[in-house]
Amino acid sequence: MDPLIAALILFVLALIIGFEVITKVPPILHTPLVVASHAMAAIMVVSAIEASGTGKTLLAQILGFSALLIGTVNVVGGYLIADRMLSMFRGDKKKK
Amino acid sequence: MDFINGIRNIANNYQAVFYLLTVLFFIFGLKLLTSPKTARKGNIVSAFGMLIAIIITLMSHGILSYKFIIIGLLLGSVAGAISAYALDLRAIPQYVAILNGFGGAVSALVGVSAFLQKELPENVTPLHFYSAISVDTFIGTLTFWGSMMAFAKLQGLITERPVVIPGKNIINILILLICIISGALLVNDPYNIYYLIAILVGASLLAISLTIAVGGADMPVIIALFISYAGLSAGALGFIFLTHGLIMVGSLVGASGMILTRIMAKAMNRDFYGILLGNITPPEMSKIQSGEEIYAGRVKSTTPEEAVMILEAAKKVAIVPGYGLAVAQAQGPVRDLMVELEKDGKEVYFGIHPVAGRMPGHMNVLLAEVDVPYDRLKTLEESNELLPDTDVAIVVGANDVVNPTARYAKESPIYGMPILDVDKCRSVIVIKRSLSPGFSGVPNPLFANDNTVMLFNDAKPALTELVKEYKELKT
């Protein structure tokens, strides 16, 4: 199969899974969902790692490095703030 | 050394399999995020998936130097951790706007770097490679500048009012056309960097022209919309190198953004497809009854002493918070009021409209932060089932979301917007500084209803006094 077609199929399938799973997230958790989504989207750091590690020209390396730096902020900041928010959602009886 | 090389070989040969594992962790994490009980676990599962992807990539054979990678990872982690703990949760929308912008920037930066390197992965044709770069840099740049504009608006750095550029639709379409043509030319002649620059500049201008037209009240929609753009830009990046993990995650995040945009658009009475195409300006204000006509002689003002009497007689109390509550930093006092009323055996719940905060779910986080248990936080639909047999509704810092004209007044700009039907409660206490209208500019007949009383004061002192009076009444 043409690799591009295979990639498009993956894209569409993941879109369907995304719709299925995410429509079930209750409104009270929408903010943590948003933040966690950003952390996940920052999986782009893998491309940034490759770009900054394999860069042959200085400019390409600098671009890759900047991408890696801010991508890491998204990963770490995103997951930590989602965790911070989710730790606040408590049930009834558990008082501190 | 053999051992390390062995692991490295496995990591390289099965990279796609490990990325698939990451995606499975993400999906499972999102699944756990569907209940507040398991959500925290879900986030950790998802973070673990991320760790797998990063470690596998670090072992990639192609990497020549680790120096910058390690510096980047360390600095980024420190900055991310500090910002996550220092953040005031009221500023979450601004933080999200920045995450969004960063996501777009990563995508565009890597795209430009790929353009400069011109190292096509195997199986990838130049047509595919450079088309993906054009799309990726376009969406990435659009997301970056759009998010920065949203940040500036939310932070109050530029006016929150919608700025309408004359002929904006034509200008936007022209810019879009220029970007598409530049993309086509780029594919044709990948050694001419000016085509890439044209895309970058065009996307930046388009982002600014789109977001500057959006008013502060519509920001929740924009935030949600840009989430899906950030996802799509991650997906586009995946298409450049055919990294399947990126394509799937981009798709997941894109879906999440689209769902949230649809929810927000519905809650704010905006056309979802119109928003996707950048038409975010609110409907025209038409002839509506003026405030004086509605309020004249019918508005009853009350005192904290009287208000607690009403509360004392109630069995079931709804609290309807709006963003005004958070602006006034009154989450603590409102929780205290809930605690006092519950101590007295009353049933208390919070009726939360999707646009109660400045982004989807914002108000829930702000209330959870002050220890309101999550089972007290009711959605719009749940609340509207409960409200008809609720004795008292306390409206604090909210206005448009409880305006009954949305149900019947066809000429009103908020007509058709789903609202919390507090007017169906036995009585309503509105805590508000004055009769001034909400974001929509429409007067609210709820304030003039027979069963409504107004407690004119700022949210924080008003609630603090209510709590104090209630305690005195009980001793």
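The model shown is predicted, which means the values in this text are computed figures rather than measured ones.

**Student:** What is the right way to read the overall build of chain B from this model?
**Tutor:** Looking only at helices and strands, one finds 19 helices and six strands in chain B. Sorting the 475 residues of chain B into buried and exposed places 55% on the buried side. The long-range fraction of contacts in chain B, counting pairs at least 24 apart against all pairs at least 6 apart in sequence, stands at 78%. Summing over all exposed atoms, chain B offers an accessible surface of approximately 19900 Å²; the carbon and sulfur share of this is 64%. Taking the average location of the 35 positive side-chain charges in chain B and that of its 37 negative ones, the two points are 2 Å from each other.

**Student:** Help me understand the interface of chain A and chain B, please; the structure alone is not making it clear to me.
**Tutor:** Put simply, an interface is often sized by how much accessible area is lost when its parts join up. Contacts between the two partners involve 81 residues from chain A and, on the opposite side, 100 residues from chain B. Carbon and sulfur atoms supply 77% of the area that chain A and chain B bury against each other, a total of about 8300 Å² over both sides. Between the two partners, chain A and chain B, sit two salt bridges. A salt bridge links B:Arg40 to A:Asp83, with the nearest nitrogen and oxygen atoms 2.9 Å apart. Linking chain A with chain B are 14 residue pairs in polar contact (both at pLDDT 80 or more), by the criterion used here. Looking at the side of chain A that touches chain B, the elements that each hand over two or more residues are helix 1 (3–22), helix 2 (30–41), helix 3 (45–54) and helix 4 (58–86) of chain A. The biggest single contributor to the side of chain A that touches chain B is helix 4 of chain A, with 26 residues. Residues that form the side of chain A that touches chain B fall into these classes: 52 nonpolar, 21 polar and eight charged.

**Student:** Where do I start with the side chain of B:Ser182 in this structure?
**Tutor:** Residue and element names in this part refer to chain B. One can find Ser182 in helix 7 (residues 168–188). On the accessibility criterion, Ser182 (7% relative accessible area) is buried. The contact partners of Ser182, leaving out residues within four places of it in the chain, are Tyr195, Ala198 and Ile199.

**Student:** Teacher, can you tell me more about a negative patch on the surface here?
**Tutor:** All names here are of chain B. A surface patch of negative charge is lined by Glu305, Glu306, Glu465 and Glu472. By the element assignment, Glu465 lies in helix 19 (residues 459–474). With a relative accessible area of 31%, Glu465 lands in the partly exposed category.

**Student:** Help me understand the packing of helix 6 (residues 126–154) of chain B against helix 7 of chain B, please; the structure alone is not making it clear to me.
**Tutor:** Between two packed helices, the angle of one axis relative to the other and the distance separating the axes together describe the packing. All names here are of chain B. As a packed pair, helix 6 and helix 7 sit with axes 9 Å apart at the nearest point and diverge in direction by 150°. One finds that helix 6 runs roughly antiparallel with respect to helix 7. Seen along the crossing, helix 6 lies across helix 7 with a hand that is right-handed. Side by side, helix 6 and helix 7 meet where Leu127, Tyr130, Ser131, Ser134 and Phe138 of the first sit next to Leu176, Cys179, Gly183, Leu186 and Val187 of the second.

**Student:** Help me out: how do you make sense of the domain arrangement of chain B in this one?
**Tutor:** Residue and element names in this part refer to chain B. According to the domain assignment, chain B consists of domain 1 (2–275) and domain 2 (291–474). Taken together, the contact between domain 1 and domain 2 spans 18 residues of the former and 24 residues of the latter. Between domain 1 and domain 2 lies a buried interface of about 1800 Å² when both sides are counted; carbon and sulfur atoms form 67% of it. Where domain 1 touches domain 2, the interface holds zero salt bridges. If you look at where domain 1 meets domain 2, you find three residue pairs in polar contact (both at pLDDT 80 or more). Ranked by the residues each element gives to the side of domain 1 that touches domain 2, the list is headed by helix 10 (residues 244–267), at four residues.

**Student:** How do you make sense of the packing of helix 6 of chain B against helix 9 (residues 219–241) of chain B when you look at a structure like this?
**Tutor:** All names here are of chain B. Direction vectors running N to C along helix 6 and helix 9 enclose 155°, while the axes themselves pass 8 Å from each other. The angle between helix 6 and helix 9 falls in the class roughly antiparallel. The two elements helix 6 and helix 9 meet at a crossing, and its hand is left-handed. For the contact of helix 6 with helix 9, a count of residues per class yields 19 nonpolar, six polar and two charged.

**Student:** Is there a simple way to explain the sheet that holds strand 2 (residues 347–351) of chain B in this structure?
**Tutor:** What holds strands together in a sheet is hydrogen bonding between their backbones, with the strands either parallel or antiparallel. All names here are of chain B. Judged by pairing direction, the sheet is parallel, and its six strands sit side by side in the order 3-2-1-4-5-6 without closing on themselves. Bordering the open sheet on either side are strand 3 (377–378) and strand 6 (452–456), each of which pairs with just one other strand. Note that strand 1 (residues 316–321) and strand 4 (residues 392–396) share five bridges and pair parallel. Within the sheet, the bridge partner assigned to Ala318 lies in strand 4 and is Ala393. Docked against the sheet, helix 15 (residues 331–343) engages strand 1, strand 2 and strand 4, running at close to 150° with respect to strand 2. Running at roughly 130° to strand 5 (residues 427–432), helix 19 makes contact with strand 4, strand 5 and strand 6 of the sheet.

**Student:** What exactly am I supposed to notice about the packing of aromatic side chains here?
**Tutor:** How two aromatic rings sit relative to each other is given by the distance of their centres and the angle of their planes. Residue and element names in this part refer to chain B. Under the defined criterion, the tally for this structure stands at seven aromatic pairs over all chains. Centre to centre, the rings of Phe129 and Tyr130 are 5.1 Å apart; their planes meet at 85°, and the pair counts as edge-to-face. When its relative accessible area of 0% is taken as the criterion, Phe129 is described as buried. Joined through ring pairs, the aromatic side chains of Phe115, Phe129 and Tyr130 make up one cluster. Sitting above the plane of the Phe115 ring, Lys118 keeps its charged end 3.7 Å from the centroid.

Cut-offs used in this document
Residues numbered from 1 in each chain as written. Chains lettered and ligands numbered in written order. Predicted model: local features only at pLDDT ≥ 70, side-chain atom pairs only at ≥ 80, totals over all residues. Heavy atoms only, no water. Helix = DSSP H or I, 4+ residues; strand = E, 2+ residues; numbered from the N terminus. Buried < 20%, exposed > 50% of the residue type's maximum accessible area, 1.4 Å probe, protein only. Contact = heavy atoms within 4.5 Å. Areas by Shrake-Rupley, 256 points an atom, 1.4 Å probe, with all protein chains shown as cover. Lys, Arg positive; Asp, Glu negative; His and termini not counted. Charge placed at Lys NZ, Arg CZ, Asp CG, Glu CD. Buried area = accessible area lost by both parts, 1.4 Å probe. Salt bridge = Lys/Arg side-chain N within 4 Å of Asp/Glu carboxyl O. Polar contact = N/O pair within 3.5 Å; in protein donor to acceptor, adjacent residues only side chain to side chain. Nonpolar A, V, L, I, M, F, W, Y, C, P; charged D, E, K, R; others polar. Patch = residues over 30% accessible without salt bridge, like charges linked within 9 Å, V, L, I, M, F, W, Y side chains within 5 Å. Axes fitted to C-alpha atoms, helices over the stretch in contact; angles between N-to-C directions. Parallel < 35°, antiparallel > 145°, perpendicular 65-115°, else oblique. Left-handed = near helix turned anticlockwise from the far one by under 90°. Domains from an automatic or database assignment. Pairing = 2+ DSSP bridges. Phe/Tyr/Trp six-rings, centres within 6.5 Å; stacked < 30°, edge-to-face > 60°. Lys NZ or Arg CZ within 6 Å of the ring centre and 35° of its normal.

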